[in-house]
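# Structure assessment
What follows is each chain in one-letter form.
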Amino acid sequence: GAGVSQSPSNKVTEKGKDVELRCDPISGHTALYWYRQSLGQGLEFLIYFQGNSAPDKSGLPSDRFSAERTGGSVSTLTIQRTQQEDSAVYLCASSLVAGLFSGNTIYFGEGSWLTVV
Amino acid sequence: DQQVKQNSPSLSVQEGRISILNCDYTNSMFDYFLWYKKYPAEGPTFLISISSIKDKNEDGRFTVFLNKSAKHLSLHIVPSQPGDSAVYFCAATTSQNSGYALNFGKGTSLLVTP
């Protein structure tokens, strides 16, 4: 696609329910990232994928959070037994590869706004 | 533990003047720095970056300055335009981990008034 696509754009869920957030990266991008931004905070790194593997899961806040990526494309972030503190904007991003060099820009999606009530 | 700090939550500047957004970091391992711009209801968009081997990088109206000894960087926008009104995030990372984990500040909301 033309940009990073995320769904749903907004989700209100009851505390204790599970939620799935989906990310469709830019076509051809092998690296995919998940961040979240809680109210009044900066973006917080959660996890990244190079292809289908996630070399670093250390940013995931708890074992209620998991993510997978299949076919080197779409990724799903799953939050089990949601808590009110999970309320945030969950941002997905992608880049050609994981790495810092000119032209390897990280492109962000518009985010999925999650509210846990 | 906030490793990247943007101490000014907001800034107001007149059109045509210079906007200066500041950022401080605490982790001496950071060697790559980026600025992102975010409009409401949109994802952040990349603006400009700088490697620690440089102290200045310029792209059109945008210039980023890096002072490694002070662990400080700044983004200069000149001349400022009303379309520049957005939230600006400073981010830093270390190239040792391929830079995949960006550490973001909380952002500075810039308002450029006509």
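Residues numbered from 1 in each chain as written. Chains lettered and ligands numbered in written order. Predicted model: local features only at pLDDT ≥ 70, side-chain atom pairs only at ≥ 80, totals over all residues. Heavy atoms only, no water.

## Points about the overall build of chain B
Each helix and strand in chain B was counted, giving zero helices and eleven strands. In chain B, the succession of α and β elements from N to C terminus is β-β-β-β-β-β-β-β-β-β-β. A globule of 114 residues ought to have a C-alpha radius of gyration of about 13 Å, and chain B, at 13 Å, matches this closely. Overall, the C-alpha framework of chain B stretches about 45 × 30 × 20 Å when taken along its three principal axes. The buried share of chain B, taken over its 114 residues, is 46%. The contacts of chain B with a sequence gap of at least 6 include a subset with a gap of at least 24, amounting to 54%. Entry remark: accessible area of chain B is about 5400 Å², with carbon and sulfur atoms responsible for 49%. Counting 10 positive and 9 negative side-chain charges, chain B places the centres of these two groups 3 Å from one another. (Helix = DSSP H or I, 4+ residues; strand = E, 2+ residues; numbered from the N terminus. Rg over C-alpha atoms; globule rule 2.2 N^0.38 Å. Buried < 20%, exposed > 50% of the residue type's maximum accessible area, 1.4 Å probe, protein only. Contact = heavy atoms within 4.5 Å. Areas by Shrake-Rupley, 256 points an atom, 1.4 Å probe, with all protein chains shown as cover. Lys, Arg positive; Asp, Glu negative; His and termini not counted. Charge placed at Lys NZ, Arg CZ, Asp CG, Glu CD.)

## Regarding the pattern of salt bridges
All names here are of chain A. Under the defined criterion, the tally for this structure stands at five salt bridges over all chains. We note a salt bridge from Asp24 to Arg22, for which the minimum N-O separation is 3.9 Å. Given the relative accessible area of 40%, Arg22 is considered partly exposed. (Salt bridge = Lys/Arg side-chain N within 4 Å of Asp/Glu carboxyl O.)

## Here's the deal with the confidence of the model for chain A
Low pLDDT marks stretches whose predicted atomic positions should not be read closely. When pLDDT is averaged across chain A, the result is 91; 97% of the residues are at 70 or more. Looking across chain A, the model is least confident in strand E6 (residues 53-56) of chain A, with a mean pLDDT of 86, and most confident in strand E3 (residues 19-24) of chain A, with 98. (pLDDT = per-residue confidence, 0-100.)

## Considerations on the sheet that holds strand E8 (residues 75-79) of chain A
Residue and element names in this part refer to chain A. Strands sit in the order E1-E3-E8-E7 across an open sheet of four strands; the sheet is antiparallel. Among the strands making up the open sheet, the edge pair consists of strand E1 (5-7) and strand E7 (65-69). Between one strand axis and the next, the sheet turns by 15° as a mean value, whatever way the strands run. Sheet topology note: the E1/E3 ladder contains three bridges and is antiparallel. Looking at the pairing, Ser5 lines up with Asp24 of E3. (Pairing = 2+ DSSP bridges. Axes fitted to C-alpha atoms, helices over the stretch in contact; angles between N-to-C directions.)

## Quick look at the sheet that holds strand E7 (residues 62-67) of chain B
All names here are of chain B. Strands sit in the order E1-E3-E8-E7-E6 across an open sheet of five strands; the sheet is antiparallel. With partners counted over all chains shown, the strands left at the sheet margins are strand E1 (4-5) and strand E6 (56-59), one partner each. In the sheet, strand E3 (residues 19-25) pairs with strand E8 (residues 72-77) via six bridges, with the strands oriented antiparallel. Bridge pairing in E8 links Ser19 to Ile77.

## Description of the nonpolar core
Residue and element names in this part refer to chain B. In this structure, Phe33, Trp35, Leu73, Leu75 and Tyr88 are the most contacted members of the largest nonpolar core, which totals 23 residues. Counting only elements with at least two residues in this core, the list comes to E3, strand E4 (32-38), strand E5 (45-51), E7, E8, strand E9 (86-93) and strand E11 (108-113). No other element matches E9, which puts four residues into this core. Once you skip the residues sitting within four places of it in the chain, Leu75 turns out to touch Ser19, Ile20, Leu21, Trp35, Leu47, Ile48, Phe62, Thr63 and Tyr88. (Core = buried A, V, L, I, M, F, W, Y, C linked by side-chain atoms within 4.5 Å.)

## What to know about a nonpolar patch on the surface
All names here are of chain A. Residues Leu96, Val97 and Phe101 make up a contiguous nonpolar surface patch of about 250 Å² in total accessible area. Within the secondary structure layout, Phe101 lies in the loop between strand E9 (88-95) and strand E10 (107-108). Overall, the relative accessible area of 44% leaves Phe101 in the partly exposed class. (Patch = residues over 30% accessible without salt bridge, like charges linked within 9 Å, V, L, I, M, F, W, Y side chains within 5 Å.)

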